[in-house]
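Residue-level structural notes
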Amino acid sequence: MTDIFDEIIQCLRREQSADGSIYISRKNLTEFYRNSASSAPSAPSSAVREERRTAAPPDRPAVSAPRRESPYFPERAPEESREPLERAYSPLDLAEIAAMNWDQLKTATANCRACRLCEGRHNVVFADGSEQADLMFIGEGPGADEDAQGVPFVGKAGQLLSKMIAAMQFQRSEVYIANIVKCRPPGNRNPADDEMDSCLPYLNRQIQLVSPKVIVLLGNVALKGLMKRGGISRLRGQWLDYKGIKVMPTFHPAYLLRYEAAKRDAWSDLQQVMKVFGKVYPRRNH
Ligand code: URA
């Protein structure tokens, strides 16, 4: 039976619209089953299977069938590598988070199981620096070093960030450093959209409690995670606004380690931030 239904699911997937926007619902699966029950479906021959495989457009996006309990279809979604968050993990109480104090927020994040990133973490990486800071930096998410130590930006990129902060005439301990996601994405992949969204209520509360004058967004993931906009190369160096707070997007330090030439642009972005705080980089007299 399972093989036949797998075949049915595959066939339905191939029949769906080319843009992949139509989900295979339980309704159309059960209808398909009922309609074909009288003429009991038989498994297609291997030749037919092969023909169908090759007929499918190579670049059609993979569409995942919703996973629901069904007497007909076993719970199995071989093409899904990621469990939908709303099903597998505990949803957050947004109103509760928005009213949390620092201790409550730290406890909530330490115990968080709102997304799949909780599975592989060693530490929840909450933040570093001063909770009274006027300047806040937001990165992407913890890497291996940060996951091991529970502190953001302590690896190679972190060392460069510390130098950037010092060049801006701030102590690292007087700024506030956080990330879009608090748990390490496996293999240092970018956090997925649903992972960023699920972590955002915590970050929003941190921003609200710190209430910085300026937020520096480090890299495209931070830009996308907070501002829902992509294109760091285009948007860097331009002032944006997040809930009344000035936001300066710039390149991520890890990117600057790979592309030295981008440091000049990043420095000019950071100098704009320095101006807000009345800090001016002394010009050298040649
Ligand atoms: N990269 C980030 O974006 N954040 C960290 O904490 C470390 C590296």
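**Remarks on the packing of helix 9 (residues 193-210) against helix 10 (residues 220-227)**
Across the interface, helix 9 lies against helix 10 with an axial gap of 9 Å and an inter-helix angle of 75 degrees. By the angle between their axes, helix 9 is roughly perpendicular relative to helix 10. The segment helix 9 lies against helix 10, with D193, M196, L200, L203 and I207 engaging V221, K224, G225 and L226. Looking at the contact of helix 9 with helix 10 residue by residue, the classes come out as 6 nonpolar, 1 polar and 2 charged.

**Comments concerning helix 6 (residues 102-110)**
Buried within helix 6 we find W102, L105 and T109. In a view along the axis of helix 6, the buried residues occupy a sector of 65 degrees, so they form one face of it. As for helix 6, its buried residues are in contact with helix 5 (94-98), strand 3 (176-179) and helix 9. The N-capping residue of helix 6, defined by a side-chain oxygen 3.1 Å from the backbone nitrogen of D103, is N101.

**Digging into the side chain of H252**
Looking at the secondary structure, you find H252 in the loop between strand 6 (245-250) and helix 12 (253-258). A polar contact of 2.9 Å, which involves the side chain of H252, links it to the backbone nitrogen of A254. Sequence-distant contacts of H252, defined by excluding residues within four places in its chain, comprise E140, F153, A157, L218 and G219.

**What to know about the pattern of salt bridges**
One pass over the structure, following the stated rule, counts 11 salt bridges. Among the ionic pairs, E195 bridges to R189, the shortest N-O distance being 2.8 Å. Here E195 falls in the buried class, since its relative accessible area comes to 0%. Salt-bridge contacts for D193 lead to K224; the nearest nitrogen and oxygen are separated by 2.9 Å. A residue pair is termed long-range when its members are at least 10 positions apart, and D193 in helix 9 and K224 in helix 10 qualify at 31 residues. By relative accessible area, which is 35% here, K224 ends up partly exposed.

**Side note on the site of the ligand**
Surrounding the ligand, one finds G139, E140, G141, E146, P152, F153, N179 and H252. Interatomic distance of 3.1 Å between a backbone N/O atom of G141 and a nitrogen atom of the ligand. The contact in question runs from a nitrogen atom of the ligand to an N or O atom on the side chain of N179, over 2.8 Å. Surface burial for the ligand is 92%, taken as the share of its 240 Å² of free accessible area covered by protein chains. In terms of residue class, the shell around the ligand is built from 2 nonpolar, 4 polar and 2 charged.

**Points about the nonpolar core**
Grouped together as the largest cluster of nonpolar side chains are 65 residues, with contacts concentrated most on L135, F137 and L226. Here the element with the most residues in this core is helix 9; it accounts for 7 residues. The residues touching L135, leaving out its near neighbours within four places in the chain, are M168, F170, V175, Y176, P212, V214, V216, V273 and F277.

**Points about the packing of aromatic side chains**
Aromatic ring pairs are defined here through the distance separating the ring centres and the angle between the ring planes. Counted under the stated rule, the structure contains 5 aromatic pairs. Aromatic pair W102 and Y176: ring centres 5.9 Å apart, planes at 45 degrees, arrangement tilted. With a gap of 74 residues between them, W102 in helix 6 and Y176 in strand 3 connect regions that are remote in the sequence. Each member of the pair, W102 together with Y176, is buried. When the ring of F170 is compared with that of F277, the centres are 5.3 Å apart and the planes differ by 85 degrees; the resulting orientation is edge-to-face. Of the two residues, F170 sits in the loop between helix 8 (156-167) and strand 3 while F277 sits in the segment after helix 13 (263-276), which places them 107 residues apart along the sequence. There is no split in this pair, since F170 and F277 are both buried. An aromatic cluster is defined as three or more aromatic residues linked by ring pairs; in this entry it consists of W102, F126 and Y176. The ring of F126 carries the charged tip of K182 above its face, separated from the ring centre by 5.7 Å. Here the guanidinium or amino end of K246 rests over the ring plane of W239, the centre of that ring lying 4.3 Å away.

What counts as what
Every residue gets a number counted from 1 within its own chain, in the order that chain's sequence is written. Given that the model is predicted, a residue must reach a pLDDT of at least 70 before its local features are reported, and side-chain atom pairs must reach 80 or more before they are shown or counted; all residues, however, enter totals for whole chains, interfaces and linings. Working from all heavy atoms in the structure, the side-chain values ignore hydrogens and water. Inter-axis angles, ranging from 0 to 180 degrees, are taken between N-to-C directions of lines fitted to C-alpha atoms, where helices are fitted over the stretch in contact. Going along the chain from the N terminus, every DSSP run of H or I of four or more residues is numbered as a helix, and every run of E of two or more is numbered as a strand. The scheme is simple: roughly parallel for angles under 35 degrees, roughly antiparallel for over 145, roughly perpendicular for 65 to 115, oblique for anything else. Should any heavy atoms of two residues lie within 4.5 Å, those residues are counted as being in contact. Ten residue types, Ala, Val, Leu, Ile, Met, Phe, Trp, Tyr, Cys and Pro, are classed as nonpolar, four, Asp, Glu, Lys and Arg, as charged, and the remainder, Gly among them, as polar. Remark: exposure states derive from per-residue accessible area (1.4 Å probe, protein chains only) relative to the maximum for the residue type, with buried under 20%, exposed over 50%, and partly exposed in between. The reported arc concerns the directions from the helix axis to the C-beta atoms and nothing else. Definition of a polar contact: a pair of N or O atoms within 3.5 Å, with one able to donate and the other able to accept a hydrogen when the atoms are protein atoms, and with sequence-neighbouring residues admitted only if both atoms are side-chain atoms. The term salt bridge refers to a side-chain nitrogen of Lys or Arg lying within 4 Å of a carboxyl oxygen of Asp or Glu. Any residue with a heavy atom lying within 4 Å of a molecule or strand is counted as near it. Shrake-Rupley sampling with a 1.4 Å probe provides the accessible areas, and residues are treated as covered by the protein chains on show and by no other component. Here, nonpolar core refers to any group of buried Ala, Val, Leu, Ile, Met, Phe, Trp, Tyr and Cys residues whose side-chain atoms link them within 4.5 Å. Centres within 6.5 Å make a pair out of two Phe, Tyr or Trp rings, where for Trp the six-membered ring is used; the pair is then stacked when the planes are under 30 degrees apart, edge-to-face when over 60, and tilted otherwise. In our convention, an over-ring charge means Lys NZ or Arg CZ found within 6 Å of a ring centre and within 35 degrees of that ring's normal.

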